[in-house]
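Reading the structure
The lines below spell out each chain.
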Amino acid sequence: MNNADLEFDRLLRSPESELADAGFSESVMKRLPVTRWGRMPMRRWTLTGTAALGSLSTYLLAEPIEHALSAYAMLPAPAITIVALALVVSLPLAWILYTE
Amino acid sequence: MATDSDAALVARIVATGDRSAFELLVRRHQSPLRNFLRRLTKNDAARADDLAQETFFKAYRSIASFAGTAKFSSWLYRIAYNTFLNDQRTRFPHAELDESQHVSVFNDIEGASTQSDLERLLSLLPLRQRAVFDLHYKKGMTHQEIAQALEVPLGTVKSDLARGHDALRKHVTAQKRLA
């Protein structure tokens, strides 16, 4: 390699100038689409909170509801359980079918 | 977190959706990526920045598909290059996008003695050669990494480098002799 070649090679390999960010990254982050990755933490907390609230409600309300049902219901307890289960399954299913 | 590797930041984004980890990646790669796109767009800074933004959006949306077998930067340059090609086709739908063409227009410019002269010379190279030169000489990527980033065979990268290098060097040497 002669001097001209070395000089040319040096030019090619010289580091490029660093471009100042000047708000570029901020602009990217502001316009970043919300993806399922972005929603993940919120979804996790929503699920945890809903489960905790459901457990607490069951613990507090199970006994009064049972008393009320046994006092007023015309149906026997197994029948009420079956109806309740059917509602628990069919209502969300109906909602899903309706919204899709 | 600022010292975390790219792979560690990507893992954090995929696991927890951590946007601040992605912001670190953007800040870390914005300058080389924008320089790369400026070179492809022949120094159209506004267009290059728009393409860089789009590149980061696409990277964020599909970050879960980043396998981690290649470097994050190689993956990012692949997205950027494809984004640029799509944009080029949209802007110039009837233009031939023949990346293998070899341009011989070096007679119009004087020999390169400064960085800006060299930039002018590089801007006259065919599109893919420009990308290959940038990734090799400015980003320090290996032939294999460039082949992965541009999705071309390894031999193509080597021949692009050799042909472009020879053409540029001959021109510069000839001009120096004349001077």
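These lines cover the structure that appears in this document, whether it is placed above or below. (Residues numbered from 1 in each chain as written. Chains lettered and ligands numbered in written order. Predicted model: local features only at pLDDT ≥ 70, side-chain atom pairs only at ≥ 80, totals over all residues. Heavy atoms only, no water.)

A word on the interface of chain A and chain B. Taken together, the contact between chain A and chain B spans 29 residues of the former and 43 residues of the latter. Interface area for chain A against chain B, summed over the two sides, is near 3,400 Å², with a carbon-plus-sulfur share of 60%. Taken together, the links from chain A to chain B amount to three salt bridges. Seen at the junction of chain A and chain B, the total is eleven residue pairs in polar contact (both at pLDDT 80 or more). When contributions to the side of chain A that touches chain B are tallied by element, the ones reaching two or more residues are α1 (3-13), α2 (24-30) and α3 (36-72) of chain A. At eight residues, α1 of chain A tops the list of elements feeding residues into the side of chain A that touches chain B. (Contact = heavy atoms within 4.5 Å. Buried area = accessible area lost by both parts, 1.4 Å probe. Salt bridge = Lys/Arg side-chain N within 4 Å of Asp/Glu carboxyl O. Polar contact = N/O pair within 3.5 Å; in protein donor to acceptor, adjacent residues only side chain to side chain. Helix = DSSP H or I, 4+ residues; strand = E, 2+ residues; numbered from the N terminus.)

A separate point is the pattern of salt bridges. Under the defined criterion, the tally for this structure stands at 16 salt bridges over all chains. Of the charged contacts in the structure, one is a salt bridge between K30 of chain A and E26 of chain A, with a shortest N-O distance of 3.6 Å. Highlighted residues: K30 of chain A and E26 of chain A, both in helix α2, separated by four residues, approximately one helical turn. Judged by its relative accessible area of 44%, E26 of chain A is partly exposed. Ionic pairing is found between D49 of chain B and R34 of chain B, a salt bridge with its closest N-O pair at 2.9 Å. (Buried < 20%, exposed > 50% of the residue type's maximum accessible area, 1.4 Å probe, protein only.)

What follows covers the packing of aromatic side chains. Considering all chains together, one arrives at eight aromatic pairs over all chains under this definition. Ring geometry for F22 of chain B and F56 of chain B: centres 6.5 Å apart, planes at 85°, overall edge-to-face. Residue F22 of chain B is found in helix α2 (residues 19-40), and its partner F56 of chain B is found in helix α3 (residues 45-61); the two are separated by 34 residues along the sequence. In this structure F22 of chain B comes out as buried when scored by relative accessible area, which is 0%. One aromatic cluster is present, built from ring pairs that chain together F24 of chain A together with F22, F56 and Y60 of chain B. (Phe/Tyr/Trp six-rings, centres within 6.5 Å; stacked < 30°, edge-to-face > 60°.)

Residue and element names in this part refer to chain B. Maximal helix bending in α2 amounts to about 50°, located at Q30; proline P32 follows within four positions. In terms of burial, α2 is a largely internal element, 16 of the 22 residues being buried. At the C-terminal side of α2, K42 shows a positive phi close to 55°. (Bend = angle between axes of the 7 residues up to and from the residue.)

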